[in-house]
Amino acid sequence: SLTSVGHKVQILENNALQNIDGLSQLQFIGDVVKIEDNIQLENLDGLISLTSISNGFLRVDGNTNLTDISGLSNLESVSSDFIIQENPNILSLDPLSNLTSVGHSIEIKDCDLINEINGLSNLNDVGKNIVLSGNDNLTNVNGLMGITNLEKLVLDLNPSLINLNGLSNLFSVQREIRIRNSA
């Protein structure tokens, strides 16, 4: 069974694809994971053995039926960007509880059903930016308690955000904090 891909795994624009379970033994991906615009995809269970992306990024984008990201529950680090966006039916980020390090940026955008980000509570190293934008039901950022330093923090268009208590351990932001049209 497939355990390693040296460069890219791209699963793009598959209108009938419901699962990626056949990839469940995949432990290592060298550079890029893109799972985009698979309108029937319901979960990421096929990535359950993946622990790191050593030289690249993960992007889960535009999978309108995706509700469950438990397949990412063993992911510990991503060397560049970690992006989850325009997946309006994801219910929770709790499966990300093993994620401790993102080398560049983490972006959670336009995931309307997510109301908290506690699944990111073990994240203690983000190299540059955190962007939380367009998450209609996000009420708090408590999952960011482990973050102490950033280059940039953006909280845009999160109309249900009621407090910033999760930023209480943030010590330094090098460039910018932008909180806009939130709360």
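Check the entry above for the structure.
Note that the structure is predicted; figures quoted are calculated from it, not measured.

Peer 1: Can you walk me through the sheet that holds strand 7 (residues 77-78) in this structure?
Peer 2: Hydrogen bonds between backbone atoms are what pair the strands of a sheet, whose relative direction is either parallel or antiparallel. Across the sheet, 6 strands lie side by side as 1-3-5-7-9-11; this open sheet has parallel pairing. Pairing within the sheet leaves two strands with one partner each, and these edge strands are strand 1 (4-5) and strand 11 (125-126). Both strand 5 (residues 52-53) and strand 7 contribute to a ladder of 2 bridges, which runs parallel. Looking at the pairing, Ile53 lines up with Val78 of strand 7.

Peer 1: Sorry, what's going on with the environment of Val33 here?
Peer 2: Its place among the elements puts Val33 in strand 4 (residues 32-36). Note: C-alpha distance between Val33 and Ile83 (50 residues apart in sequence) is 10 Å. Sequence-distant contacts of Val33, defined by excluding residues within four places in its chain, comprise Val9, Ile53, Phe57, Leu58 and Arg59.

Peer 1: Is there a simple way to think about the side chain of Glu107 in this case?
Peer 2: Residue position: Glu107 is located in strand 10 (residues 105-109). Owing to a relative accessible area of 17%, Glu107 belongs among the buried residues under this scheme. A polar side-chain atom of Glu107 sits 3.3 Å from a polar atom in the side chain of Lys109. If sequence neighbours within four positions are ignored, Glu107 has contacts with Phe82, Ile83, Ile84, Gln85 and Val131.

Peer 1: Can you help me understand the sheet that holds strand 13 (residues 149-156) in this one?
Peer 2: If you walk across this open sheet you meet the 8 strands as 2-4-6-8-10-12-13-14, and the pairing is parallel. Strands with a single pairing partner mark the edges of an open sheet, and in this sheet they are strand 2 (8-12) and strand 14 (172-180). Going across the sheet, the axis of each strand differs from the next one's by a mean of 5°, ignoring polarity. Summarising the sheet, strand 13 and strand 14 pair through 7 bridges and their orientation is parallel.

Peer 1: How should I be thinking about the environment of Asp136 in this particular structure?
Peer 2: Tracing the chain through its elements places Asp136 in the loop between strand 12 (129-133) and strand 13. Residue class for Asp136 comes out partly exposed when judged on its relative accessible area of 36%. Along the sequence, Asp136 and Ile177 sit 41 residues apart, while their C-alpha atoms lie 20 Å from each other.

Peer 1: When you look at the pattern of salt bridges in this model, what are you seeing that I'm missing?
Peer 2: Side-chain pairs of opposite charge can arise where the charged atoms are in close proximity. Inspection of every chain in the model, using the stated rule, returns 9 salt bridges. The partner of Glu176 in a salt bridge is Lys152, with the nearest N and O atoms 3.9 Å apart. Within this pair, whereas Glu176 is found in strand 14, its partner Lys152 is found in strand 13, the two being separated by 24 residues in sequence. Put simply, Asp156 and Arg180 hold a salt bridge, and the shortest N to O gap is 3.4 Å. Here Asp156, found in strand 13, pairs with Arg180, found in strand 14; they are 24 residues apart in sequence, far enough to count as distant. Members of the salt-bridge network, linked through shared partners, are Lys152, Asp156, Glu176, Arg178 and Arg180.

Calculation rules
Residues numbered from 1 in each chain as written. Predicted model: local features only at pLDDT ≥ 70, side-chain atom pairs only at ≥ 80, totals over all residues. Heavy atoms only, no water. Pairing = 2+ DSSP bridges. Helix = DSSP H or I, 4+ residues; strand = E, 2+ residues; numbered from the N terminus. Contact = heavy atoms within 4.5 Å. Buried < 20%, exposed > 50% of the residue type's maximum accessible area, 1.4 Å probe, protein only. Polar contact = N/O pair within 3.5 Å; in protein donor to acceptor, adjacent residues only side chain to side chain. Axes fitted to C-alpha atoms, helices over the stretch in contact; angles between N-to-C directions. Salt bridge = Lys/Arg side-chain N within 4 Å of Asp/Glu carboxyl O.

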